[in-house]
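Now for the letters of each chain:
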Amino acid sequence: MRSELYIDGTWRPSSDGRTFEVVDPASEEVIHRIAAATAEDVDLAVRAARRAFDRDGWPQKTGAERARYLRAIAAGIRARQAEIARLETIDNGKPLPEADWDVADAAGCFDFYASLAEQLDDDPEETIALADDRFTSRAVKEPIGVAGAIIPWNYPLLMASWKVAPALAAGCTVVLKPAEVTSLTALELAAVAEEAGLPPGVLNVVTGSGTVAGQAIIDHRDVDKLAFTGSGPVGSKIMAAAARDIKRVSLELGGKSPFVVFADSDIDKAVEWIMFGIFWNQGQVCSATSRVLVQEGIYAKLLARLVTETDRIRIGNGLDEGVLLGPLVSKKQHEQVVAAIEAAKAAGATVACGGTRPEGFDRGYYLRPTVLTDVPLDSAAWVEEIFGPVVCVRPFGTEEEAIALANDSRFGLAAAVMSADDARAERVAKAFRAGIVWINCSQPTFTEAPWGGYKQSGIGRELGRWGLDNYLEVKQITRYVSGEPWGWYIR
Ligand code: NAD
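In the annotation of an unreviewed UniProt entry, the entry for the protein reads Aldehyde dehydrogenase family protein, and the organism field reads Shinella pollutisoli. The Sequence similarities (unreviewed entry) comment attached to the protein in UniProt states, word for word, "Belongs to the aldehyde dehydrogenase family." Looking at the Pathway (unreviewed entry) heading of the UniProt record, one finds this comment for the protein: "Amine and polyamine biosynthesis; betaine biosynthesis via choline pathway; betaine from betaine aldehyde: step 1/1."

Structure (structure tokens):
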């Protein structure tokens, strides 16, 4: 396990020698300590990234040259997949097969953006048709500069990859700050990049708190772009900080995503996808479909089946074989989710199952997966993101009512619909005010497809070619081609 900051191609302790604890959420034990970056450390990292961008030629490399580094990073991640997945599980708590999936996806993300980097070379500059034939004009794309990437703890390596891979592909250099509760695999990513021979300063990883290291990144005048995934309140601070210097900014924030299940759905399939939509990663998923709307005809039957299957989920240490629900990431998160369930009960909700610590788990941040019904529409449980294994289920009558309930949220990250009627599913998919819509499933995510939210769920899109555009400026180059003098002042 790494414990130092990765700045300008070297590993170093923080400038004041301070460290913070790494806690295994399954045992509550302190298993490691990591350097807590100061503002001074962040300044060093930004200067290194600045130099790598302005003077050392990272943006001038061809896309194909940058792609070679990205592919080497992908190969480096794959070569150590089992070891990195294990680190993710002991740091975050997620079951090992999920961590393994994340690590494979992270490697795939680097390969994908390697291909897009290569295409940047092939892309003919876009010629712009002008009405005035005395000029020709074209649009070229160029990297924005130094990107400050700040990420959350729910998919530590994957969220790092979603930002670092497109940024490097575009020709940007990066200062990455992982979440303080899950920094281990971001440091492994730096180690893999180092082994891949990435030039010093192109990727820097500063571990530490949001209020010190994170704040120093967003306040730094030499950072050109802020790429953030995390909570709404911190997203607002980041946008405000970006506003001061007109930094480019992209935000991936929270959600309270609906899943509408029509009465013509197969109940087994519906229950499986509802569970995957909320219990995967202990429900700590920004796109989790945490508000489930079930059409009246099948409501009672579906709910009974959901409760039975939910109670059967095997809970335990993510490293143990067959476990499908690990501990929540931290004590703080556990306390917040338990408080949200208590508040829901106080507001009149019924706990159909779960809601408590599982029997036999005195240590570790464990919580039984929870199904809530009778949740008032104006209660926090229905309106606010809980970010835990807690789903609110509610009956509806008509398609119109379902759409109105689904869209009645300040968030708009994701939404799902299930129906045997394809035309209806399409209609509802189009009516959702959300950036990601699933039909007959919930959560599968693809590196090739755009990811991001409407409304208060964020600004901009990650992944796919949209993810690359996050790190590119568009430049217009216009040439006067007429042999005639311009003839305005001088005739
Ligand atoms: P958070 O906002 O508390 O922290 C996210 C990151 O911001 C951390 O690295 C933290 O250290 C940093 N940070 C905190 N204060 C800061 C400051 N003042 N300046 C700069 N950086 C600061 O969120 P979290 O608890 O880590 O993650 C949970 C949230 O993330 C949820 O709301 C979830 O919905 C959201 N999320 C969204 C997506 C998405 O793709 N839309 C993905 C994952 C998580």
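From this point on, the discussion continues.
Caption draft 1: How the structure looks around the pairing of strand β13 (residues 291-295). Counting buried positions along β13 gives 5 out of 5 residues, so the element sits mostly inside the fold. Burial of β13 is two-sided: the residues Arg291, Leu293 and Gln295 facing one way and the residues Val292 and Val294 facing the other way are all buried. With 4 bridges joining them, strand β12 (residues 258-261) and β13 adopt parallel strand pairing. Counted as the bridge partner of Phe259 is Val292 from β13. Taken together, β12, helix α9 (residues 267-279) and β13 form a β-α-β motif whose crossover is right-handed. Strand direction decides the pairing type here: β13 and strand β16 (residues 390-396), joined by 5 bridges, are parallel. By the bridge assignment, Leu293 is partnered in β16 with Arg394.

Caption draft 2: Focus on unusual backbone geometry. Backbone geometry at Glu28 places phi at a positive 65°, although glycine is not the residue there. Relative to the helices and strands, Glu28 resides in the loop between β3 (19-24) and β4 (29-35). Glu28 gets classed as partly exposed once you look at its relative accessible area, which sits at 24%. Of note in this structure, Leu463 is not a glycine but carries a positive phi near 65°. If you trace the backbone, Leu463 turns up in the loop between β21 (458-459) and α15 (464-469). For Leu463, a relative accessible area of 0% corresponds to the buried category.

Caption draft 3: Local environment of the environment of Glu21. One can find Glu21 in strand β3. Glu21 sits 13 residues away from Ile34 along the chain, and the two C-alpha atoms are 6.5 Å apart. Contact partners of Glu21, with chain neighbours within four places excluded, come to Val30, His32 and Arg33.

Caption draft 4: How the structure looks around the sheet that holds strand β6 (residues 135-143). Reading across the sheet, the 3 strands line up as β5-β6-β22 and stay open at both edges, with antiparallel pairing between neighbours. On the outer flanks of this sheet lie β5 (126-128) and β22 (472-480), each paired with one strand and no other. When the angles between neighbouring strand axes are averaged without regard to direction, this sheet yields 30°. The sheet contact formed by β6 and β22 spans 9 bridges and is antiparallel. Following the sheet pairing, Ser137 is matched in β22 by Thr478.

Caption draft 5: Inspection of the nonpolar core at higher detail. Ranked by internal contacts, the top residues of the largest apolar core, which has 107 residues, are Ile77, Tyr113 and Leu176. Viewed by domain, this core spans two of them, domain 1 (5-253 + 457-477) and domain 2 (258-439), each represented by three or more residues. In this view, Leu176 contacts Ala149, Ile151, Ala160, Val164, Ala186, Leu203, Asn204, Val205 and Val206; residues no more than four positions away in its chain are not counted. Of all hydrophobic cores here, the second largest spans 28 residues; its members include Phe262, Tyr365, Cys392 and Ala415.

Caption draft 6: Fine view of the UniProt feature "active site" (unreviewed entry) in the protein. If you check UniProt for "active site" (unreviewed entry), the listed places come out as Glu252 in our numbering. Here Glu252 is to be found in strand β11 (residues 248-252). Contact partners of Glu252, with chain neighbours within four places excluded, come to Phe228, Thr229, Gly230, Trp451, Gly452, Gly453, Ser457, Gly460, Arg461 and Glu462.

Caption draft 7: Examining the domain arrangement of the protein more closely. By the assigned domains, the protein splits into domain 1 (5-253 + 457-477) and domain 2 (258-439). On a C-alpha basis, the centroid separation for the pair domain 1 and domain 2 is 31 Å. Contact with domain 1, which involves 24 residues of that partner, is made by 29 residues of domain 2. With both chains or domains summed, domain 1 and domain 2 bury close to 2,200 Å², and 57% of this area falls on carbon and sulfur atoms. Taken as a group, Glu28, Trp153 and Ser457 account for 26% of the area that domain 1 buries against domain 2, more than any other trio of residues on that side. Here the side of domain 1 that touches domain 2 takes 5 residues from helix α3 (residues 81-92), the largest share from any one element. Of the residues contributing to the side of domain 1 that touches domain 2, the split by class is 11 nonpolar, 7 polar and 6 charged.

Caption draft 8: Main features of the site of the ligand. Near the ligand lie 27 residues; those nearest to it are Ile151, Glu180, Ser231, Leu253 and Glu385. With respect to the ligand, the side chain of Gln215 contributes an N or O atom lying 2.9 Å from a nitrogen atom. At a separation of 2.6 Å, an oxygen atom of the ligand approaches a polar side-chain atom of Ser231. Bound to the protein, the ligand loses 91% of the 850 Å² it would expose on its own. Secondary structure elements with two or more residues in the shell around the ligand: α7 (210-219), β10 (225-229) and α8 (232-245). Of the residues forming the shell around the ligand, the biggest block, 4 residues, is contributed by α7. Of the residues that constitute the shell around the ligand, the class distribution is 14 nonpolar, 8 polar and 5 charged.

How each quantity is defined
Residues numbered from 1 in each chain as written. Predicted model: local features only at pLDDT ≥ 70, side-chain atom pairs only at ≥ 80, totals over all residues. Heavy atoms only, no water. UniProt positions renumbered as here; feature names shortened; annotations may be inferred. Buried < 20%, exposed > 50% of the residue type's maximum accessible area, 1.4 Å probe, protein only. Helix = DSSP H or I, 4+ residues; strand = E, 2+ residues; numbered from the N terminus. Pairing = 2+ DSSP bridges. Right-handed = clockwise from strand over helix to strand, strands pointing away. Contact = heavy atoms within 4.5 Å. Axes fitted to C-alpha atoms, helices over the stretch in contact; angles between N-to-C directions. Core = buried A, V, L, I, M, F, W, Y, C linked by side-chain atoms within 4.5 Å. Domains from an automatic or database assignment. Buried area = accessible area lost by both parts, 1.4 Å probe. Nonpolar A, V, L, I, M, F, W, Y, C, P; charged D, E, K, R; others polar. Near = heavy atom within 4 Å. Polar contact = N/O pair within 3.5 Å; in protein donor to acceptor, adjacent residues only side chain to side chain. Areas by Shrake-Rupley, 256 points an atom, 1.4 Å probe, with all protein chains shown as cover.

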